[in-house]
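In case you want the letters, here they are:
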Amino acid sequence: MSDIATQLYLISPQDVGGDFPDRLERALKAGEGLVTAFQFRVKGLADQHEAARLAEPLLEICTAHDVAFIVNDDVALAKRLKADGVHLGQDDGDPKEAREELGRDAQIGVTCHASMHMAMEAGEAGADYVAFGAFFESTTKDKGDAERPTTEMIEQWVKLFEIPLVAIGGITPANCGPLVAAGADFLAVSGGVWNGDESKAVRGFKEAIDAAQ
């Protein structure tokens, strides 16, 4: 862990082929000590072999930078890759079952949308972190007219519970300040980094986080 209170949790774009491994390398170098987790989130692949082929070079890069490699939704793929953990949506399985498959050291996160109740249930089931969002409009995590969580929810959660909170959804250097000030342990970002110059974006997040704490 670094001495930065709020850390960055990068989420992959849909396309992780081509030059993406180089982009990931640049982002992690720019975010040394700030970026502590990366989530492989690629939907609609033909099979697990294709997923593993795309994921393995990214896993190697994350390992080299001491960044946790988390697989979205797929416990079997996480086990195959010997990934650091898995992130589960509300319909993607039970944290207890994931723990049985992946072992006690696995990092298991759960999407909780804007629900303190879901988050408490996830904690009781053994989740290592809970994710609230989307806080802002997001092409990755938005659910249309779904209720948005608030900074007050972050404040309440961090005051009452020890389980780390991940804020997600449309987060950029320009809008992250209130989430940091409220006490979010992690900012999960995808488009906010990959939709432009990734190194510049990560540096922008560092400046915004430093300014808000």
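Nothing here was measured: the structure is a model prediction, and the numbers come from that model.

Caption draft 1: Focus on helix H2 (residues 48-64). Here H2 spans 24 Å end to end across 17 residues, near enough to the 24 Å set by a 1.5 Å rise per residue. Maximum bend of H2: about 35°, positioned at Ala-55, with proline Pro-57 one to four residues after it. Restricting attention to buried positions, one finds in H2 the residues Ala-51, Ala-52, Leu-54, Ala-55, Leu-58, Leu-59, Ile-61 and Cys-62. Looking at the buried residues of H2, the elements they touch are helix H1 (20-30), strand E2 (35-40), strand E3 (68-72) and helix H3 (75-81). The residue sitting at the N-terminus of H2 and contributing the capping side-chain oxygen is Asp-47; that oxygen lies 3.0 Å from the backbone nitrogen of His-49. Residue Asp-66 follows H2 closely and has a positive phi angle near 55°.

Caption draft 2: Structural context of the sheet that holds strand E6 (residues 129-132). Here we have eight strands rolled up into a closed barrel, ordered E1-E2-E3-E4-E5-E6-E7-E8, and parallel in their pairing. The sheet shows a mean angle of 25° between the axes of neighbouring strands, taken without regard to direction. Relative to E6, strand E5 (residues 107-113) is paired through four bridges, and the arrangement is parallel. Its bridge partner lying in E6, Thr-111 is registered against Ala-131. Across the sheet, H1 touches strand E1 (7-11) and E2, and the angle it forms with E2 is around 160°.

Caption draft 3: Summary view of the nonpolar core. Grouped together as the largest cluster of nonpolar side chains are 62 residues, with contacts concentrated most on Leu-10, Phe-38, Phe-40, Phe-69, Phe-132 and Leu-187. Sort the elements by how many residues they give to this core and H2 lands first, with eight residues. With 10 residues, the next largest nonpolar core counts Tyr-9, Ala-131, Val-166 and Phe-186 among its residues.

Rules behind the numbers
- Residues numbered from 1 in each chain as written.
- Predicted model: local features only at pLDDT ≥ 70, side-chain atom pairs only at ≥ 80, totals over all residues.
- Heavy atoms only, no water.
- Helix = DSSP H or I, 4+ residues; strand = E, 2+ residues; numbered from the N terminus.
- Expected span 1.5 Å × (residues − 1).
- Bend = angle between axes of the 7 residues up to and from the residue.
- Buried < 20%, exposed > 50% of the residue type's maximum accessible area, 1.4 Å probe, protein only.
- Contact = heavy atoms within 4.5 Å.
- Polar contact = N/O pair within 3.5 Å; in protein donor to acceptor, adjacent residues only side chain to side chain.
- Pairing = 2+ DSSP bridges.
- Axes fitted to C-alpha atoms, helices over the stretch in contact; angles between N-to-C directions.
- Core = buried A, V, L, I, M, F, W, Y, C linked by side-chain atoms within 4.5 Å.

In short, the description is geometric, and any link to function would need to be established separately.
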